[in-house]
Amino acid sequence: MTSPEPARRSTSWFGAEGKMGFVHRSKLYNSGRSPEMFDGRPVIGICNSWSELTPCNRHLRDVAEAVKRGVLLAGGFPLEFPTMSLGETLMRPSAMLYRNLMAMEVEENLRSYPLDGVVLLAGCDKTVPAQLMGALSADLPAIMLTGGPMLNGKFRGADAGSGTHVWQFAEEVRAGRMSRAEFGQAEACLSRSAGHCTTMGTASTMACLVEVMGLSLPGSAAVPAVDAGRSALAEQSGHRIVSMVEEDLRPSTVLDRRSFENAARLNAAIGGSTNAIVHLSALAGRAEVDFPLEEFDRQARDIPLLVDLLPSGRFLMEEFSYAGGVPAVVTELADQLHGDARTITGRSLAENCAGAQNWNAEVIRTRAEPVQPAGSATAVLTGNLAPNGAVIKLSAASPELIDHTGTALVFDTVEEYYARCDDPDLPVDADTVLVVRGAGPRGYPGMPEIGNLSIPKKLLNAGVRDLVRITDGRMSGTSYGTIVLHVAPESAAGGPLALLRTGDRVHLDVAARRLDMLVDDAELARRAAETTTEERSADREGGWSGLYREHVGQADTGADLDFLRGRRGHAIPRRHL
Ligand code: FES
Ligand code: MG
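Going by an unreviewed UniProt entry, the protein chain carries the name IlvD/Edd family dehydratase and comes from Saccharopolyspora ipomoeae.

Moving on, we get to the overall build of the protein chain. Each helix and strand counted, the protein chain has 21 helices and 14 strands in total. By the compact-globule yardstick of 25 Å for 577 residues, the protein chain fits well, its C-alpha radius of gyration being 24 Å. Summarising its shape, the C-alpha atoms of the protein chain cover approximately 80 × 55 × 45 Å along the three principal directions. For the protein chain, with 577 residues in total, the buried portion stands at 56%.

Moving on, we get to the packing of helix 8 (residues 202-212) against helix 11 (residues 257-270). Relative orientation of the contacting elements helix 8 and helix 11 amounts to 140°, with a least axis distance of 9 Å. With respect to each other, helix 8 and helix 11 are oriented oblique. In the packing of helix 8 onto helix 11, the handedness of the crossing is right-handed. Residue-level inspection shows Thr205, Cys208, Leu209 and Val212 of helix 8 in contact with helix 11, the latter providing Asn262, Ala263, Leu266, Asn267 and Ile270.

The subject of this paragraph is the UniProt feature "domain: Dihydroxy-acid/6-phosphogluconate dehydratase N-terminal" (unreviewed entry) in the protein chain. Here the UniProt feature "domain: Dihydroxy-acid/6-phosphogluconate dehydratase N-terminal" (unreviewed entry) sits at residues 41-352. As annotated, residues 41-352 comprises 48% helix and 9% strand, and the C-alpha atoms at either end are separated by 28 Å.

For a regular strand, side chains alternate in direction, first toward one face of the sheet and then toward the other. Alternating positions in strand 10 (residues 433-436) separate into two faces, Val433 and Val435 on one and Leu434 and Val436 on the other, with burial throughout. With four bridges joining them, strand 9 (residues 403-411) and strand 10 adopt parallel strand pairing. Bridge pairing in strand 10 links Phe411 to Val436. Sheet analysis places strand 10 next to strand 11 (residues 468-471), joined by four bridges and oriented parallel. From the neighbouring strand, Val435 faces strand 11, where its bridge partner is Ile470.

Here we come to the nonpolar core. Counting residues in hydrophobic clusters, the biggest one holds 164 residues, and the most contacted among them are Val119 and Val329. Considering each element in turn, this core owes the most residues, eight residues, to helix 12 (residues 275-287). With residues near it in sequence (within four places) discarded, Val329 still touches Leu266, Ala269, Ile270, Leu306, Val307 and Ile364.

This part takes up the sheet that holds strand 4 (residues 142-146). Ordered by their spatial adjacency, four strands build an open sheet running 2-1-3-4, and the pairing between neighbours is parallel. Edge positions in the open sheet fall to strand 2 (77-82) and strand 4, since each of these has one partner strand only. Neighbour-to-neighbour, the strand axes of this sheet turn through a mean angle of 20°, independent of strand direction. Relative to strand 4, strand 3 (residues 117-122) runs parallel, the two sharing five bridges. Residue pairing across strands places Val118 opposite Ala142, the latter belonging to strand 4. Most of the contacts of helix 9 (residues 228-247) go to strand 4, to which it runs at about 170°, and overall it touches strand 1 (43-48), strand 2, strand 3 and strand 4.

Here the focus is the packing of helix 5 (residues 127-138) against helix 12. A packed helix pair is summarised by two numbers, namely the angle formed by the two axes and the spacing between the axes. Where helix 5 meets helix 12, the closest approach of the two axes is 8 Å, and the angle between their N-to-C directions is 10°. Classified by the interaxial angle, the pair formed by helix 5 and helix 12 is roughly parallel. Crossing of helix 5 against helix 12: the hand is right-handed. Here Pro129, Leu132, Met133, Leu136 and Ser137 of helix 5 lie close against helix 12, whose contacting residues are His279, Ala282, Leu283, Arg286 and Ala287. Considering only residue class, the contact of helix 5 with helix 12 consists of seven nonpolar, two polar and one charged.

This brings us to unusual backbone geometry. In this structure, Pro93 follows Arg92 across a cis peptide bond, with omega equal to 0°. Topologically, Pro93 is positioned in the loop between strand 2 and helix 4 (99-112). For Ala334, which is not a glycine, the phi torsion comes out positive at approximately 45°.

Let's shift gears to the pairing of strand 7 (residues 378-383). With five of its six residues buried, strand 7 lies for the most part within the structure. Examined bridge by bridge, strand 7 and strand 8 (residues 386-393) share five bridges and lie antiparallel to one another. Looking at the pairing, Ala379 lines up with Ile392 of strand 8.

In this section: the confidence of the model for the protein chain. Predicted coordinates in areas of low pLDDT are best not read in detail. Model confidence for the protein chain is summarised by a mean pLDDT of 95, while 98% of its residues fall at 70 or above. Scored as a complex, the prediction yields pTM 0.97 and ipTM 0.93.

If you trace the backbone, Pro327 turns up in helix 15 (residues 325-333). Taking the C-alpha atoms as reference points, Pro327 and Ala175, separated by 152 residues in sequence, lie 42 Å from one another. Once you skip the residues sitting within four places of it in the chain, Pro327 turns out to touch Pro218, Gly219, Cys353 and Ala356.

Another point: the environment of His24. Residue placement: His24 occurs in helix 2 (residues 18-26). His24 has contacts with Trp13, Phe14 and Ala16, leaving out every residue within four places of it along the chain.

The rules behind these values
Residues numbered from 1 in each chain as written. Chains lettered and ligands numbered in written order. Predicted model: local features only at pLDDT ≥ 70, side-chain atom pairs only at ≥ 80, totals over all residues. Helix = DSSP H or I, 4+ residues; strand = E, 2+ residues; numbered from the N terminus. Rg over C-alpha atoms; globule rule 2.2 N^0.38 Å. Buried ≥ 20, exposed ≤ 12 C-beta atoms within 10 Å, placed from the backbone. Axes fitted to C-alpha atoms, helices over the stretch in contact; angles between N-to-C directions. Parallel < 35°, antiparallel > 145°, perpendicular 65-115°, else oblique. Left-handed = near helix turned anticlockwise from the far one by under 90°. Contact = placed C-beta atoms within 7 Å. UniProt positions renumbered as here; feature names shortened; annotations may be inferred. Pairing = 2+ DSSP bridges. Core = buried A, V, L, I, M, F, W, Y, C linked by C-beta atoms within 7 Å. Nonpolar A, V, L, I, M, F, W, Y, C, P; charged D, E, K, R; others polar. pLDDT = per-residue confidence, 0-100.

Structural data, given as structure tokens:
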């Protein structure tokens, strides 16, 4: 049950007379407020995913102070509040298991409190989509400020990037080319300051996509976390949200299909993370924009890779920032984006980026001299192994493996694979197609980043550096290799991936966008009849993971919970005083 809305949402709380207004205002005086704060000015929530368990977001308390300054400058009333935070590196079994829970928490906070608008503060991989999913469903005026990347890692006199170099170093240790002591020294060297991963992993990718979708201030994605420029952006975000409340500029006013097409295209130009596809699909579901998985392929096909960052290229986010960041890429792509798409500034994307310059054509290439030509972005595959789709990031794959037929070596769990991967008798060669299933949203549960499976030691010693790998899980956005991900439906949801057996031939044909097992339909039907997908009962499991497994959708639609898709708005809830 809801009441008719006053002109400003917060007025229903702070403008109330009698006992109710007394109670709403009275407790806030315990932080020493002036009565002017309750004079009907916009109340701005600062939704903070700060946590010491999320090292990438640990500086966001300081960032929030700058946001507050901006809100106060513009005549608003800032109130910071914490939410659940998802620390990619520490959370088990996978931070992704909790993305939808955090989204739900953010959404309900926005709806239940006396807020007129919100500034979202996030950085680490899952915290950005989680906050946005909640904000899109609540549809209050919202602006996001991402936390910015760390300064470049430095190891042995050279730059070293988050994730990507860890995977490289770990393989060098296994191959005996790097000592364990050196490996240990690298740990601290990769994380030199506050901020999120320095490569074009999921956090950097999402920051760039949020910016091109018009949900954050122009130029805000790439600025390093510890750069004073980020505090200025925070102050400006706080200032801007107050006007957005006056203009009633909500996510549903900003976002439409053009925003998602721009995001899919920019993702190709920056060599962005495959995880962005899952998150954007979930966001489209929240925004009620029809954007099926194939669109990521269709939109990206004509877009060259322009940004030369690890894992697809050479540099790190610091260089990308100094080169001009997202506005410079937008300018370079020009007519390949919808310049007329709306943004939170109240201006179009093209207007926001007018005059942006590229200060380093090594880092941000021109369309005439791209890092990789159009067609190197993430491709969407279908076939009898993935009827609802799978993805492969071509800019991180080996060209000689993208049209490949090989014999499958199948593992039901990632643990089984790692128990055997260094076995000298493992039946693998350079043509093997390595498959790990049971890693989807329901199966694991939580669709972990296991796709970047280590190369079996016997092959590593023989000089093999890449292998076709297939999984219904995800991979870290900082990974590389010829890896087919997000197979849908997953094996635990009865997908045909469950029917694949070791020894079957598998054909990957990226040009034709196909992923097939060369097993005839009659044989597959016979296997289906004798295969019982062993289902853990979600009822018996209980708790969050039980609820999650019961309601989670497949990767191709963003792995959101069925009852959380769509927009539910921010009607003022009933009260009783
Ligand atoms: Fe947080 Fe990479 S671990 S952004
Ligand atoms: Mg990551």
